[in-house]
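Observations on the three-dimensional arrangement
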Amino acid sequence: MKSSIPFRLNGRPTSIDTDDSRKLLWVLRTDLGLTGAKYGCGAGICGACTVLVDGETVRSCITPVSAVRDKEVTTIEGLAHDGTLHPVQQAFLEHGGYQCGYCTPGMILTASALLSETPGASREAISARLEHNLCRCGAHTRILDAVEAVAHAQGDQSKGGKP
Ligand code: FES
Ligand code: FES
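Below: a short report on this structure. (Residues numbered from 1 in each chain as written. Chains lettered and ligands numbered in written order. Predicted model: local features only at pLDDT ≥ 70, side-chain atom pairs only at ≥ 80, totals over all residues. Heavy atoms only, no water.)

**A word on the sheet that holds strand S4 (residues 56–59)**
Short version of the rule: Between any two strands, pairing holds if DSSP finds at least two bridges. Segments assigned H or I by DSSP are reported as helices when at least four residues long, segments assigned E as strands when at least two residues long, and all are numbered from the N terminus. The axes used here are C-alpha line fits, helices contributing only the stretch in contact, and every angle between their N-to-C directions lies in the interval 0 to 180 degrees. Only heavy atoms matter for contacts: two residues are in contact if any of them lie within 4.5 Å across the pair.
Spatially, five strands are ordered S2-S1-S5-S3-S4 in an open sheet, and the strand pairing comes out mixed. Either end of the sheet is taken by a strand with one partner, and the two such strands are strand S2 (12–19) and S4. Going across the sheet, the axis of each strand differs from the next one's by a mean of 40°, ignoring polarity. The pairing of strand S3 (residues 50–53) with S4 spans four bridges and is classified as antiparallel. Looking at the pairing, Val-51 lines up with Val-58 of S4. Along the sheet, helix H1 (residues 24–31) makes contact with strand S1 (2–9), S2 and S3, crossing S2 at roughly 110°.

In structure tokens, the structure reads:
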């Protein structure tokens, strides 16, 4: 059924007139031109299409756009603020946490959600959370290194040290 679906996208009010069963991934990529979320498996398995909805990770390839009505959607395009990369983005750069980059937006958004929920998360917790985000390039170890570096910095901050 076609309807008007209002939501916030990367901090800005948005509204889209579309069939409310369409998947969020295609609304983002095709209708709204935000191509950071990627199409991988189309079945909720690989994590390439991950976005945040009210701060929680969501697989946009299997999520109807109607599910984000009146919610806040954050894509990789909205993670940096005022020209400053999110710490997880910066760490991916510093640790080479990517090769082709296809899995990168989903990895970064998933890691940012984890470190927001659990600052200073252990490597084991990071590994468990990213286990279902697949990297076909074999960058997984460097990805874990990058996220762990941010978690360590959060731990140092909580002890009063420098980030
Ligand atoms: S494309 Fe959505 S989980 Fe793979
Ligand atoms: S960097 Fe290529 S899929 Fe992960």
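Don't stop here, the text continues.
**Quick word on H1**
To keep things clear, this is the line we draw: Throughout this description, buried means an accessible area under 20% of the type-specific maximum (1.4 Å probe, protein chains only), exposed means over 50%, and partly exposed covers the range between.
For H1, the set of buried residues is Leu-24, Leu-25, Val-27 and Leu-28. The inward-facing, buried residues of H1 abut S1, S2 and S3. Backbone geometry just after H1 places Gly-33 at a positive phi near 75°.

**Some thoughts on the pattern of salt bridges**
Selection rule: We count a salt bridge whenever a side-chain nitrogen from Lys or Arg sits within 4 Å of a carboxyl oxygen from Asp or Glu.
According to the stated counting rule, one finds five salt bridges in the structure shown. Between Arg-129 and Glu-117 there is a salt bridge whose closest N-O contact spans 3.0 Å. Taken together, the residues Arg-129 in helix H4 (residues 123–130) and Glu-117 in helix H3 (residues 104–117) connect sequence positions 12 residues apart. By relative accessible area, Arg-129 is classed as partly exposed at 25%. Among the ionic pairs, Asp-145 bridges to Arg-123, the shortest N-O distance being 2.8 Å.

**Some points on the side chain of Thr-104**
Position of Thr-104 among the secondary structure elements: in helix H3. Thr-104 gets classed as buried once you look at its relative accessible area, which sits at 11%. Apart from residues no more than four positions distant in its own chain, Thr-104 is found in contact with Phe-92 and Tyr-98.

**A closer look at the nonpolar core**
Condition: Buried residues of nine kinds, namely Ala, Val, Leu, Ile, Met, Phe, Trp, Tyr and Cys, make up a nonpolar core once their side-chain atoms join them within 4.5 Å.
Counting residues in each nonpolar core, the largest one holds 24 residues, and the members touching the most others are Val-88, Phe-92, Leu-115, Ile-126, Leu-130, Ile-143 and Val-147. Looking at this core, the elements with two or more residues in it are helix H2 (87–95), H3, H4 and helix H5 (140–158). Of all the elements, H3 adds the most residues to this core, at seven residues. With sequence-adjacent residues up to four places away left out, Phe-92 is seen in contact with Gly-97, Tyr-98, Thr-104, Met-107, Ile-108, Ile-143, Ala-146 and Val-147. Leu-9, Ile-16, Leu-28 and Cys-49 belong to the second largest nonpolar core, which has 18 residues in total.

**Section: the packing of H3 against H5**
Under the convention used in this document: Orientation is classified from the angle alone, with under 35 degrees giving roughly parallel, over 145 giving roughly antiparallel, 65 to 115 giving roughly perpendicular, and any other angle giving oblique. If you view the pair so one helix is near and one far, a crossing is left-handed when the near helix is turned anticlockwise from the far one by less than a right angle, and right-handed when it is turned clockwise. Each residue is assigned to one class: nonpolar for Ala, Val, Leu, Ile, Met, Phe, Trp, Tyr, Cys and Pro, charged for Asp, Glu, Lys and Arg, and polar for all the others, Gly among them.
Following both chains from N to C, one finds H3 and H5 inclined at 30°, their axes separated by 11 Å at the closest point. Here H5 runs roughly parallel to H3, going by the angle between their axes. In the packing of H3 onto H5, the handedness of the crossing is right-handed. Contacts between H3 and H5 involve Met-107, Ala-111 and Leu-115 from the former and His-140, Ile-143, Val-147, Val-150, Ala-151 and Gln-154 from the latter. Split by residue class, the contact of H3 with H5 holds seven nonpolar, two polar and no charged.

That's the geometry; what it means functionally is another story.
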